[in-house]
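Breakdown of the fold
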Amino acid sequence: MEIEFLGTGAGVPAKHRNVTGIALRLLDERNAIWLFDCGEGTQMQILRTNIRPRKIEKIFITHLHGDHLFGLPGLLSSRSFQGGTEPMEIYGPKGVKDFVMTALKVSQTRLAYPLKFIDVAPGVIFQDKQFTVICDKLDHGIASFGYRVVEADHEGELQVDQLLALGIKPGPVFGRLKRGETVTLEDGRELSGKDFVGESRPGRIVTILGDTRYTEASIRLGQDADVLVHESTFKKDEGQMAKSYYHSTTAQAAQVAKKAGVTQLLLTHISARYLAKDVLNLEKEAQAVFGNTRIVRDFDVIDVPFRRKDEEDGAQG
């Protein structure tokens, strides 16, 4: 599981930061990519990565401001031109379907695959055996949502090397032991599956928020997440301006991370007025509140590892 940032800027494209687009790469987990927001130029950004548009199976739109949405019709069209035939699901506030279908109709664009639109509301919006996606409404003046992606727990792996060392060949016995059964071998030995299955691992949690003021909903969505992606449009001493424009400051985002008990905070949606030295200061402001903070740049790829055993114990404690 990796997060690749296709755009980390706010409002309008800049030379050093494109507008918002975030890819959750689930290639090992389900051979697919989930896209969160699709600002203008997202497909151009994708050309500079190894992402294949036909691998994108779901798109989650946080809100209907142009810097999070204007790239969607173009990406959908290109996916079709490039041989994409698998269905696409698009989640977002009411209005996404009207926007997309109008653009496709006016441009007389026909897609080679079906689209399914899901109007989101607080609660579970998607669930299968691998993942659950929960959303909640944020505070941005316009309907804006955050998404919490929860991976199912991973069962422990069968310790095959130990079994081979005991002279046991692969076959039905392996399957029974993997299920935790007790097996009596032909030579009379009795083996318990519990002795040959490693510890299970809790699934990972990734929370990706849309634009928002500081709100308790952000804390709920980020609770115990391995990674929290939070906007950071203003610096610490611009709290009043952030409130007026329905955005967050560095310190407010860090407070959310701290109260939610996340492992890592990634700050994005950075104003074009902040250049390299300014961004370093913004990062330090947030780190003063929550140490494991990073301001991301376009094309950064962040791995989402499983928690180590000591981290799991600490979280439980």
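For the structure, see preceding data.
Residues numbered from 1 in each chain as written. Predicted model: local features only at pLDDT ≥ 70, side-chain atom pairs only at ≥ 80, totals over all residues. Heavy atoms only, no water.

Remarks on the pairing of strand E6 (residues 115-119)
- Relative to E6, strand E5 (residues 88-92) is paired through five bridges, and the arrangement is parallel. In the sheet register, methionine 88 faces E6, and the bridge partner there is leucine 115. (Pairing = 2+ DSSP bridges. Helix = DSSP H or I, 4+ residues; strand = E, 2+ residues; numbered from the N terminus.)

Some details on the pattern of salt bridges
- Considering all chains together, one arrives at 14 salt bridges under this definition.
- Close ionic contact of arginine 204 with glutamate 29 constitutes a salt bridge, the shortest N to O distance being 3.0 Å. Of this pair, arginine 204 sits in the loop between strand E11 (190-192) and strand E12 (205-209) while glutamate 29 sits in helix H1 (residues 27-30), placing them 175 residues apart in sequence. For the pair formed by arginine 204 and glutamate 29, the shared burial category is buried.
- A salt bridge links arginine 297 to aspartate 300, with the nearest nitrogen and oxygen atoms 3.8 Å apart.
- The exposure class of arginine 297 is exposed, given its relative accessible area of 54%.
- Through salt bridges with shared partners, a single network forms among Glu2, Glu4 and Arg25. (Salt bridge = Lys/Arg side-chain N within 4 Å of Asp/Glu carboxyl O. Buried < 20%, exposed > 50% of the residue type's maximum accessible area, 1.4 Å probe, protein only.)

What about the sheet that holds strand E16 (residues 301-303)?
- Taken in spatial order, the seven strands of this open sheet run E6-E5-E4-E3-E2-E1-E16, and their pairing is mixed. The open sheet has two free edges, formed respectively by E6 and E16, since each of these has just one partner strand. Across the sheet, the mean angle separating the axes of adjacent strands is 20° when strand polarity is ignored.
- Relative to E16, strand E1 (residues 2-7) runs antiparallel, the two sharing three bridges. (Axes fitted to C-alpha atoms, helices over the stretch in contact; angles between N-to-C directions.)

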